[in-house]
Structure formats: structure tokens, C-alpha cells
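Coordinates in review
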Amino acid sequence: MPFLFGDVNYDCDVNSNDYAMLRSYVYCQLEMPENANECFDYCADGAVDGFDALFLDLYISTVL
């Protein structure tokens with residue numbers, strides 16, 4: 001099954017729940033699941049960091 005960039009919780013929807021999980025990971029409050037790097041790396045730059053959370057938040061705020 002293909003993944004959606006930003007679909008962190010694998011519910012086939014990109015929404016504020018995904019942002020909350022990504023933000024929790026970025027701030028070391030949640031351990032990232034194995035092989036989830038593709039979905040967490042919203043910027044597709046090879047690193048999961050605050051930029052991914054920022055761009056995911058911007059995407060969600062323009063879509064919702």
C-alpha cells in the first residue's frame with residue numbers, strides 16, 4: 001500500500017492528528033516506528049526534524 005507524505009498514523013488521511021504525532025517525535029516524546037521515516041520526513045530531505053512539522057502544519061492549515 002502506498003504511503004501519503006505526512007500520514008504519520010497510517011489512517012489514510014493527513015490531519016492534525018498526524019501533526020501531533022510528528023511534533024511529538026521531533027521533540028523526543030514519541031519513538032518513531034521502524035520504516036516510518038518516509039511518512040515522517042514530510043520535506044523528503046532525509047531528516048525528520050522541526051521543518052517537517054512546520055511544513056506539515058502549513059499544509060494542514062491550507063487544506064482544512
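See the structure printed just above.
Throughout what follows, the structure given in this document is the object of discussion. Nothing here was measured: the structure is a model prediction, and the numbers come from that model.

1. Let's talk about the nonpolar core
- Counting residues in each nonpolar core, the largest one holds ten residues, listed as Val 8, Val 14, Leu 22, Val 26, Phe 40, Tyr 42, Val 48, Ala 53, Leu 56 and Ile 60.
- No other element matches helix α3 (residues 50–63), which puts three residues into this core.
- Filtering out sequence-adjacent residues up to four positions away, Ile 60 remains in contact with Val 14, Asn 15, Ser 16 and Tyr 19.

2. Observations regarding unusual backbone geometry
- In this model, Cys 12 sits at a positive phi of 65°, which is unusual for a non-glycine residue.
- For Cys 12, the location among the structural elements is in the segment before α1 (16–26).
- Phi is positive for Ala 44, close to 60°, though the residue is something other than glycine.
- As for its placement among the helices and strands, Ala 44 is situated in the loop between α2 (37–40) and α3.

3. A few points about a nonpolar patch on the surface
- On the surface, Phe 51, Leu 54, Phe 55 and Leu 58 cluster together to form a nonpolar patch covering roughly 390 Å² of accessible area.
- With respect to the helices and strands, the residue Leu 58 is situated in helix α3.

4. Section: α1
- Turning to α1, its buried residues are Asp 18, Leu 22 and Val 26. The buried residues of α1 all sit within an arc of 70° when viewed along its axis, so they share a single face.
- Packing partners of the buried residues in α1 comprise α2 and α3.
- Its side-chain oxygen at 3.0 Å from the backbone nitrogen of Asn 17, Asn 15 defines the N-terminal cap of α1.

Thresholds applied
Residues numbered from 1 in each chain as written. Predicted model: local features only at pLDDT ≥ 70, side-chain atom pairs only at ≥ 80, totals over all residues. Heavy atoms only, no water. Core = buried A, V, L, I, M, F, W, Y, C linked by side-chain atoms within 4.5 Å. Buried < 20%, exposed > 50% of the residue type's maximum accessible area, 1.4 Å probe, protein only. Helix = DSSP H or I, 4+ residues; strand = E, 2+ residues; numbered from the N terminus. Contact = heavy atoms within 4.5 Å. Patch = residues over 30% accessible without salt bridge, like charges linked within 9 Å, V, L, I, M, F, W, Y side chains within 5 Å. Areas by Shrake-Rupley, 256 points an atom, 1.4 Å probe, with all protein chains shown as cover. Salt bridge = Lys/Arg side-chain N within 4 Å of Asp/Glu carboxyl O. Arc of directions from axis to C-beta. Polar contact = N/O pair within 3.5 Å; in protein donor to acceptor, adjacent residues only side chain to side chain.

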